[in-house]
Amino acid sequence: MWFKSVFLKSLRDYRVAILGWGVGMGLVIVSPMASVSELVKTPEARAALLSLAASFSWNADAIKADTIGGYATFKIGIFIFLMVIWPILAGSRMLRGEEDRASLDVLLSAPRSRVRVAVEKLAAIWTALLVMAVLIGILAYLGGIAFKADFTFVDALLFGLNLALICAVFGAVALLVSQFTHERGPAAGWTAGLLLVLIVVDMVHRVIPNTEWISRVSPIYYYSLSKPLIAGYGASAGAMLFLLALALILSGAAIWLFARRDVGDTVALPRILRLPPRPAAPSKLPVGDWSLRSVYARSLGVIAMPTLWWALLVAGWAGWIVVVVKQIEAKLGTLYAGSPVLQDLLKNLSGGNSDFNASFLGAMFGILPIFLMAFAVTQVNRWASDESDGRLDLVLSAARSRARVLLGRFAALSTAAAVIALAALVATLVASSVSGVTLNTANVVAATLGLIPMGLLVAAIGFLAAGWLRTAADTGLVSFLLAAWFFISFVGPELKLPEATLRLSAFYYYGTPLLHGLQVANMAVVVAVGAIALVLGTLRFSRKDIAV
């Protein structure tokens with residue numbers, strides 16, 4: 001049955017992602033619902049919660065944060081966009097990935113047009129997103145029943161649908177960008193970078209007055225207009241239709257370009273626009289290029305551009321949160337000083353510091369590792385796809401060991417992670433100096449450089465899993481593990497999970513270095529687990545059949 005059409009075969013390939021992301025993100029939505037009753041036991045606690053939510057409005061609109069649906073919507077905030085990782089990866093490899101493997105040639109040799117193949121593959125991605133939306137909606141509704149929320153089953157489904165629409169938009173962006181790249185990796189990286197930029201653009205109007213016109217450029221703005229889980233607010237039909245139209249336009253443009261370019265090549269504008277082609281420049285093999293001197297150098301050259309974009313984005317985020325704390329300090333400082341309940345809430349996020357600025361920044365820097373870990377996920381995807389697509393065959397035919405190839409690749413990734421962390425360090429110190437926020441320099445160094453082992457831990461686990469799993473399953477597993485760690489560390493304390501459970505998350509060991517410095521013993525655990533995963537991954541790669 002599943003092999004009767006391109007649509008069914010593609011949908012079958014997404015079955016693990018549908019279950020993992022649908023159930024995983026559904027549980028992430030439900031988890032904050034359990035803590036609302038504890039946070040609003042008294043009028044003072046309710047007022048403190050509403051004030052805290054208002055001060056974090058740069059992250060998400062604080063609307064009825066003292067209700068089940070309102071608090072869940074506010075609590076998740078921008079972190080719901082972790083789900084966008086999957087459509088970005090799926091969209092970038094939908095056509096470009098098939099071309100990398102040369103499997104698209106076989107598919108197009110059958111009597112079917114390029115447009116039909118592309119449309120069926122796109123329909124499979126959108127169907128997968130729709131099923132995920134239903135799973136998320138069902139779990140959200142069941143959570144609402146368990147914790148006596150006031151939203152309906154239709155509201156829960158609309159929440160899932162709204163999330164699926166924003167995912168479809170960025171999946172379409174990745175599909176479009178992949179028409180201009182030779183590999184799917186750069187397309188996924190550039191789209192992920194664009195996602196982070198647009199998230200920040202959406203935040204602007206919640207931090208700086210009279211700047212809503214800037215935020216309207218971002219699709220995230222239109223996603224945020226719908227809040228179906230909040231009774232009395234509901235979904236914006238116009239905003240959801242806009243997201244649907246945007247996804248259709250971007251996808252249509254990508255398919256139109258695909259139908260007119262050479263398979264395996266990028267878009268040639270003269271040909272697309274029917275202009276006379278420019279004379280081709282004489283080809284020159286890069287015999288003396290520095291990147292061909294070793295596996296490490298070549299790997300570093302390949303990921304140089306994605307590293308640059310991720311460094312700019314992570315550094316921008318680090319600098320942004322330092323600037324934001326000055327924007328909200330005046331609003332919350334007085335209330336924070338006079339409200340023990342509010343102090344306790346923020347202390348729980350930041351590790352017990354009593355100063356507002358320090359507590360806020362400590363909590364936000366605890367989130368920073370997610371970005372470097374996401375970068376590591378993209379590189380895990382690249383490593384697994386290089387093996388499955390046969391790009392390692394020629395490399396391994398030379399007189400070098402398999403262990404040397406894997407470790408050279410990992411060393412290049414380590415260098416890239418160090419560059420990104422250093423960029424965050426410089427941005428934080430510069431933003432602190434410019435905005436007048438006083439920070440402990442030693443702790444800033446610890447907080448930023450501590451990102452490196454966090455990212456490498458994810459990479460090592462991904463390299464290990466690649467020894468048994470194919471590209472999609474490997475990337476899905478690592479992404480799901482990252483989501484599980486997020487759930488345990490950022491939602492687990494509200495659910496009063498035991499200490500032993502909290503220790504299962506890598507974020508637990510990162511702690512709050514901006515406030516308390518880097519805990520050497522905890523970081524040693526991260527390094528040790530990463531080293532073990534890397535050694536086991538190297539042994540597995542050295543003994544396995546390639547692409548098996």
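Computed from a predicted model, the values in this text were never measured in an experiment.

Enquirer: Break down the overall build of the chain for me, with residues and values.
Expert: Along its length, the chain carries 29 helices and zero strands. Relative to its full complement of 548 residues, the chain shows a buried share of 53%. Here the analysis covers contacts within the chain between residues at least 6 apart in sequence; of these, 74% occur between residues at least 24 apart. Entry remark: accessible area of the chain is about 23,400 Å², with carbon and sulfur atoms responsible for 67%.

Enquirer: Which residues make up the confidence of the model for the chain, and what values go with them?
Expert: Mean pLDDT over the chain: 82, with 83% of residues reaching 70 or higher. Across the chain, helix α10 (residues 153-177) holds the top mean pLDDT of 95, while helix α18 (residues 340-350) sits lowest at 51. Here residues 348-354 is modelled with pLDDT under 50, and outside its nearest four sequence neighbours on either side it reaches 20 contacts, counting other chains as well.

Enquirer: Go over the packing of helix α9 (residues 114-146) against α10, please, and point to the residues and values.
Expert: Two elements in contact, α9 and α10, have axes whose closest approach is 8 Å; the angle formed by their N-to-C orientations is 150 degrees. As judged from the angle between their axes, α9 and α10 are roughly antiparallel. In this structure, the crossing between α9 and α10 has a hand that is right-handed. Counted together, L122, W126, L129, L130, A133, V134, I136, G137, I138, A140 and Y141 of α9 and F153, A156, L157, F159, G160, L161, L163, A164, C167, A168 and L175 of α10 form the full contact between these two elements. A class-by-class count of the residues in the contact of α9 with α10 yields 20 nonpolar, two polar and no charged.

Enquirer: Quick rundown of the nonpolar core? Include the residues and the values.
Expert: Judged by nonpolar contacts, the single largest core of 155 residues is most densely connected at I29, I80, F81, M83, W86 and L129. If you tally residues by element for this core, the top one is α10, at 15 residues. Contacts of I29, omitting those with residues within four sequence positions, involve A72, I76, I80, I136, A140, F159 and L229.

Enquirer: A description of empty space enclosed by the protein should follow, citing residues and the corresponding values.
Expert: Per the counting criterion, the structure on display carries eight cavities of 30 Å³ or more. Space inside the largest cavity adds up to approximately 340 Å³. Lining the largest cavity are 19 residues, and of these L82, I85, L195, L196 and A374 lie nearest its centre. Counting only elements with at least two residues in the lining of the largest cavity, the list comes to α6 (85-94), α11 (184-207) and α20 (369-388).

Enquirer: Explain the side chain of Q379 to me, and be specific about the residues and the numbers.
Expert: Relative to the helices and strands, Q379 resides in helix α20. The class for Q379 is buried, based on a relative accessible area of 8%. Setting aside residues up to four positions removed in sequence, Q379 forms contacts with I303, L413 and F463.

Enquirer: Just give me the short version of unusual backbone geometry, but keep the residues and values in it.
Expert: The backbone phi angle of K148 is positive, close to 60 degrees, even though this residue is not glycine. Note that K148 resides in the loop between α9 and α10. Given a relative accessible area of 75%, K148 falls into the exposed group.

Enquirer: I'd love a proper account of a nonpolar patch on the surface, names of residues and values included.
Expert: There is a patch of nonpolar side chains on the surface, built from L130, V134, I138, L142, I145, F153 and L161 and spanning about 560 Å² of accessible area. Mapped by element, the contributors of at least two residues to the nonpolar patch are α9 and α10. For the nonpolar patch, the element with the most residues is α9, which contributes five residues. With respect to the helices and strands, L161 occurs in helix α10. Residue classification places L161 among the partly exposed positions, given a relative accessible area of 31%.

Enquirer: Which residues make up the pattern of salt bridges, and what values go with them?
Expert: With the rule as written, the count across this model stands at eight salt bridges. K9 is the partner of D13 in a salt bridge, and the nearest nitrogen-oxygen pair spans 2.9 Å. Residue D13 and its partner K9 are located together in helix α1 (residues 6-13), separated by four residues, close to a single helical turn. The exposure class of D13 is partly exposed, given its relative accessible area of 38%. Here E212 makes a salt bridge to R216, at a shortest N to O gap of 3.7 Å. With relative accessibility at 35%, the residue E212 sits in the partly exposed group. The class of R216 is partly exposed, set by a relative accessible area of 42%. Connected via shared salt-bridge partners are R96, E99 and R261.

The rules behind these values
Residues numbered from 1 in each chain as written. Predicted model: local features only at pLDDT ≥ 70, side-chain atom pairs only at ≥ 80, totals over all residues. Heavy atoms only, no water. Helix = DSSP H or I, 4+ residues; strand = E, 2+ residues; numbered from the N terminus. Buried < 20%, exposed > 50% of the residue type's maximum accessible area, 1.4 Å probe, protein only. Contact = heavy atoms within 4.5 Å. Areas by Shrake-Rupley, 256 points an atom, 1.4 Å probe, with all protein chains shown as cover. pLDDT = per-residue confidence, 0-100. Axes fitted to C-alpha atoms, helices over the stretch in contact; angles between N-to-C directions. Parallel < 35°, antiparallel > 145°, perpendicular 65-115°, else oblique. Left-handed = near helix turned anticlockwise from the far one by under 90°. Nonpolar A, V, L, I, M, F, W, Y, C, P; charged D, E, K, R; others polar. Core = buried A, V, L, I, M, F, W, Y, C linked by side-chain atoms within 4.5 Å. 1 Å grid on protein atoms, 1.4 Å probe; cavity = no way out; pocket = protein on both sides within 12 Å on 5 of 7 lines; lining within 4 Å. Points joined across faces, edges and corners; volume = space filled by probe spheres on them. Patch = residues over 30% accessible without salt bridge, like charges linked within 9 Å, V, L, I, M, F, W, Y side chains within 5 Å. Salt bridge = Lys/Arg side-chain N within 4 Å of Asp/Glu carboxyl O.

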